[in-house]
Amino acid sequence: MPMQTKTRLVKILLTNIMIAFAISAVASYIAIGQADVPAEAFWPAVIGSTLKNTVIAYIVSFLVGWFIPCEKWGFDFATGRGLKPSDGLKFAAALNVVVNTIYVAFNSVILTYLNACVFNGAPIAAFPAAWASSVVQCWIVGFVVSLFWAPACEKWARQICHDPAPQAPDMH
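Residues numbered from 1 in each chain as written. Predicted model: local features only at pLDDT ≥ 70, side-chain atom pairs only at ≥ 80, totals over all residues. Heavy atoms only, no water.

1. Here we look at the packing of aromatic side chains
- Scanning the model with the defined rule gives seven aromatic pairs in all.
- Ring geometry for W149 and W156: centres 5.3 Å apart, planes at 80 degrees, overall edge-to-face.
- Exposure remark for W156: the relative accessible area of 35% places this residue in the partly exposed category.
- An aromatic cluster is defined as three or more aromatic residues linked by ring pairs; in this entry it consists of Y29, F42 and W43.
- One residue, R8, lies across the ring of W66, its end atom 4.4 Å from the ring centre. (Phe/Tyr/Trp six-rings, centres within 6.5 Å; stacked < 30°, edge-to-face > 60°. Buried < 20%, exposed > 50% of the residue type's maximum accessible area, 1.4 Å probe, protein only. Lys NZ or Arg CZ within 6 Å of the ring centre and 35° of its normal.)

2. Remarks on the side chain of S28
- With respect to the helices and strands, the residue S28 is situated in helix α1 (residues 5-33).
- Among the polar contacts listed, one links the side chain of S28 to the backbone nitrogen of T50, at a separation of 3.3 Å.
- Ignoring any residue separated from it by four or fewer positions in sequence, one finds S28 in contact with V46, S49, T50 and N53. (Helix = DSSP H or I, 4+ residues; strand = E, 2+ residues; numbered from the N terminus. Polar contact = N/O pair within 3.5 Å; in protein donor to acceptor, adjacent residues only side chain to side chain. Contact = heavy atoms within 4.5 Å.)

3. Here's the deal with a nonpolar patch on the surface
- A cluster of nonpolar side chains, contributed by L89, V136, I140, V144 and F148, occupies part of the molecular surface with about 490 Å² of accessible area.
- Its place among the elements puts I140 in helix α6 (residues 135-161). (Patch = residues over 30% accessible without salt bridge, like charges linked within 9 Å, V, L, I, M, F, W, Y side chains within 5 Å. Areas by Shrake-Rupley, 256 points an atom, 1.4 Å probe, with all protein chains shown as cover. Salt bridge = Lys/Arg side-chain N within 4 Å of Asp/Glu carboxyl O.)

What follows is the structure, given as structure tokens:
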């Protein structure tokens, strides 16, 4: 049986907590590390930046998760490669390649622009280099975190909303 709308909402809200934090922490660490911040100010700057960016990334991730059918596209991608949900981690990894790429693409563009150009006054010409300096690391961290975090969040969302999981092994 498919996931109810309220279950999907709860799942998106839960899943994005850790993903937004992980992407923000990595991006903040890289950005502050490249900014020649004095050693005594490094960690306070990383923590402050991470907190600010986590809020922004959480909002962006919610909008992406709610309005873009990332999971459907990921499911289609995985099944198009002959994988089934019963294949476990292989299926989840294939699905997550698509989902994570979409989430990180939106977050990295928006967070990089806001942090480099808006908050720190860098010229727009600095945007490509700032974006390129962290997008791969953010993608890797987002992939690993969401690969293991999202299934737990779906289980919790189904429990919270009393929405039973599909019984057939290959249903999405």
